[in-house]
Amino acid sequence: MNEARPPVLDGNAAAELIEPLTEIVIAAGAAILAVNRSAMKVDGKTDGSPVTEADLAADSIIAAGLARLAPSIPSLSEERTQHGELPYKNSFFLVDPLDGTKEFVAGRNEFTVNVALITEGVPLLGIVSAPALGLIWRGIVGRGAERLTLGEGKPLIEPIRTRPCPPRGQPWTVAVSRLHGDARTEAFIAARPHAVRSELGSAVKFGRVAELNELNVRVQWIGRPFDSPMARTPRYVQRAIRKAIADTAHNTGMVLTIAFDYGGRSELVAAVEAAR
């Protein structure tokens, strides 16, 4: 007997999910903030990246929340890759419960909780929360994006868009990783005279690029996005993420270049420059 396939979720379904998903992400962030960083245990994963009780606490909350909210939709989490059942068809959730674990362990506030909804190989909804900063960036493809500022009472919700491409000859402002620099990243920046560096941790870089501020581009050459399981993620998911990056850059007029290195093979994911 064939097992039932997960349903295909569209933009309307994503719109109904975004608020409860945001609540799940907020709860996961609260669990992270409740961990005593000075006393927590830090373990190492097989890929050499760290994992803490905060990663696991956030992942547990997200897993339980997704199971209640959308029990028919599977999920792939960085902390539960061993439970993944490939291939992922139709719709599924892609989760990084604590992006920027090294930032968290170091006592900095630039770490995030990331949840995305992928439908038929294409990202449809995304939420990036920076709990220590009290900020959430979220959006649905074709329906815009917004930033939530958390505080007492209801959050302040503001629509956001990327900064226009700077005129030819004007300097770029480049968001780079504080911990993952390398020669290729430096060469990319050096090829753009007078580029201004902005060092940030985790997916906070994407949030800052997405909102209308002083950042033009986020660039990083790394072995694996989200600190882990992308090297083990299906190729069609990797292709979907590359397409989403390119589409976002084209539709918003921002300049975005990101490169990943899968299995030692450098691959340019997107290099999209707005028409001038």
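Placed above this text is the structure.
Residues numbered from 1 in each chain as written. Predicted model: local features only at pLDDT ≥ 70, side-chain atom pairs only at ≥ 80, totals over all residues. Heavy atoms only, no water.

## Describing the sheet that holds strand β5 (residues 112–119)
- Ordered in space as β3-β4-β5-β6-β7-β8-β9, the seven strands form an open sheet in which the pairing is mixed. Of all the strands in the sheet, just β3 (75–77) and β9 (156–160) have a single pairing partner and so form its edges. If you compare each strand with its neighbour and ignore which way they point, the axes differ by 20° on average.
- Against the sheet, helix α2 (residues 53–69) contacts β3, β4 (91–99) and β5, and its axis sits at roughly 155° relative to β4. (Pairing = 2+ DSSP bridges. Helix = DSSP H or I, 4+ residues; strand = E, 2+ residues; numbered from the N terminus. Axes fitted to C-alpha atoms, helices over the stretch in contact; angles between N-to-C directions. Contact = heavy atoms within 4.5 Å.)

## Comments concerning helix α4 (residues 183–190)
- If you check which residues of α4 are buried, you get Thr-185, Phe-188 and Ile-189. Along the axis of α4, the buried residues cluster in a sector spanning 95°; they form a single face. Every exposed residue of α4 that faces more than 90 degrees away from the buried side is listed here: Ala-183 and Ala-190. (Buried < 20%, exposed > 50% of the residue type's maximum accessible area, 1.4 Å probe, protein only. Arc of directions from axis to C-beta.)

## Notes on the environment of Ala-63
- Following the sequence through the fold, Ala-63 ends up in helix α2.
- Along the primary structure Ala-63 and Pro-97 are separated by 34 residues, whereas in three dimensions their C-alpha atoms are 9.5 Å apart.

## Details of the pattern of salt bridges
- Following the criterion strictly, the structure yields seven salt bridges and no others.
- As a salt-bridge pair, Glu-103 and Arg-108 come within 2.5 Å of each other at their nearest N and O atoms.
- Given the relative accessible area of 3%, Glu-103 is considered buried.
- Between Glu-146 and Arg-138 there is a salt bridge, with the nearest N and O atoms lying 2.7 Å from each other.
- With a relative accessible area of 4%, Arg-138 lands in the buried category.
- In this structure, a network of salt bridges that share partners links the residues Arg-147, Glu-158, Arg-208 and Glu-211. (Salt bridge = Lys/Arg side-chain N within 4 Å of Asp/Glu carboxyl O.)

## Side note on unusual backbone geometry
- With phi around 50°, Glu-120 is a residue other than glycine that occupies positive phi space.
- Tracing the sequence through the fold places Glu-120 in the loop between β5 and β6 (122–130).
- The exposed category is assigned to Glu-120, whose relative accessible area is 57%.
- Of note in this structure, Ser-202 is not a glycine but carries a positive phi near 55°.
- In this structure, Ser-202 sits in the loop between β11 (196–200) and α5 (204–210).

## Examining the nonpolar core
- Among the nonpolar cores identified, the biggest contains 32 residues, and Leu-21, Ile-32, Ile-62, Phe-93, Phe-104, Leu-117 and Leu-125 are the most heavily contacted of them.
- Top contributing element to this core by residue count: helix α1 (residues 11–33), with nine residues.
- The next biggest cluster of nonpolar side chains, apart from the first, holds seven residues, and it includes Val-128, Trp-137, Ile-160 and Val-204. (Core = buried A, V, L, I, M, F, W, Y, C linked by side-chain atoms within 4.5 Å.)

## Describing the environment of Ile-18
- Within the secondary structure, Ile-18 is located in helix α1.
- Along the sequence, Ile-18 and Gly-126 sit 108 residues apart, while their C-alpha atoms lie 8.6 Å from each other.
- Apart from the residues within four sequence positions on either side, Ile-18 is in contact with Leu-125, Ile-127, Arg-138, Gly-139 and Ile-140.

## With respect to the pairing of β9
- In terms of strand pairing, strand β8 (residues 145–149) meets β9 through five bridges, oriented antiparallel. Along β9, the bridge assignment pairs Leu-148 with Ile-157.
- In textbook terms, the turn of a hairpin is the stretch between consecutive antiparallel strands, and for β8 and β9 this stretch comprises six residues, one of which, Gly-153, has a positive phi near 80°.

## Looking at the packing of α1 against α2
- At their nearest, the axes of α1 and α2 sit 8 Å apart, and the two run at 155° to each other. It follows from the interaxial angle that α1 and α2 lie roughly antiparallel. Where α1 crosses over α2, the handedness of that crossing is right-handed. Note on element contacts: α2 touches α1 through Ala-54, Ala-57, Ala-58, Ile-61, Ile-62, Gly-65, Leu-66 and Leu-69, opposite Leu-17, Pro-20, Leu-21, Ile-24, Ala-27, Ala-28, Ala-31 and Ile-32.
- When its residues are assigned to classes, the contact of α1 with α2 shows 15 nonpolar, one polar and no charged. (Parallel < 35°, antiparallel > 145°, perpendicular 65-115°, else oblique. Left-handed = near helix turned anticlockwise from the far one by under 90°. Nonpolar A, V, L, I, M, F, W, Y, C, P; charged D, E, K, R; others polar.)

## A look at the side chain of Asn-114
- Relative to the helices and strands, Asn-114 resides in strand β5.
- Classification of Asn-114 as buried rests on a relative accessible area of 8%.
- Here the side chain of Asn-114 touches Thr-112 through a polar contact of 2.9 Å, side chain to side chain.
- Excluding its chain neighbours within four sequence positions, the residues that come into contact with Asn-114 are Leu-94, Val-95, Asp-96, Asp-99, Ile-127, Val-128 and Ala-203. (Polar contact = N/O pair within 3.5 Å; in protein donor to acceptor, adjacent residues only side chain to side chain.)

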